[in-house]
Amino acid sequence: MTDRTTPSARICPNCDGFASAAVTLGGRSARGQLRTITAHCPACHGTGIAPTRRNREGARA
């Protein structure tokens, strides 16, 4: 009997799975820390997985 494998997660095509990135703002804070912000992929909202589409019941193809 063959082993069952789980289907691989659908990786977001817009960010290729790298859903969040730290972007430096330049300069440092008063405590010497580098100031950064986190930018998320707008398509997958920072999850890295493509949203699945649900077929509506009764919808025409």
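Above this text is the structure in question.
Criteria and cut-off values
Residues numbered from 1 in each chain as written. Predicted model: local features only at pLDDT ≥ 70, side-chain atom pairs only at ≥ 80, totals over all residues. Heavy atoms only, no water. Helix = DSSP H or I, 4+ residues; strand = E, 2+ residues; numbered from the N terminus. Buried < 20%, exposed > 50% of the residue type's maximum accessible area, 1.4 Å probe, protein only. Contact = heavy atoms within 4.5 Å. Areas by Shrake-Rupley, 256 points an atom, 1.4 Å probe, with all protein chains shown as cover. Pairing = 2+ DSSP bridges. Patch = residues over 30% accessible without salt bridge, like charges linked within 9 Å, V, L, I, M, F, W, Y side chains within 5 Å. Salt bridge = Lys/Arg side-chain N within 4 Å of Asp/Glu carboxyl O.

A look at the overall build of the chain
And then number 1: When its secondary structure is counted, the chain shows zero helices and two strands.
And then number 2: Going through the 61 residues of the chain one by one, you find that 11% of them count as buried.
And then number 3: Summarising the internal contacts of the chain: among those between residues at least 6 apart in sequence, 48% fall at separations of at least 24.
And then number 4: Counting only carbon and sulfur atoms, one obtains 50% of the accessible surface of the chain, whose full area is about 6000 Å².

Regarding unusual backbone geometry
And then number 1: Located in the positive-phi region is D16, a residue other than glycine, with phi close to 55°.
And then number 2: The topology assignment puts D16 in the segment before β1 (20-28).
And then number 3: For H45, which is not glycine, the phi dihedral falls at a positive 60°.
And then number 4: Along the chain, H45 falls in the segment after β2 (34-40).
And then number 5: Judged by relative accessible area, H45 falls into the exposed class, the value being 65%.

Some details on the pairing of β2
And then number 1: In the sheet, β1 pairs with β2 via six bridges, with the strands oriented antiparallel. Bridge pairing in β2 places R28 opposite L34.
And then number 2: Linkage of β1 to β2, two consecutive antiparallel strands, is achieved through a turn of five residues, within which G32 is found at a positive phi near 90°.

Let's talk about a nonpolar patch on the surface
And then number 1: The grouping of V23, L25 and I37 at the surface amounts to a nonpolar patch, some 250 Å² of accessible area in total.
And then number 2: With respect to the secondary-structure elements, L25 resides in strand β1.

By themselves these figures say nothing about function.
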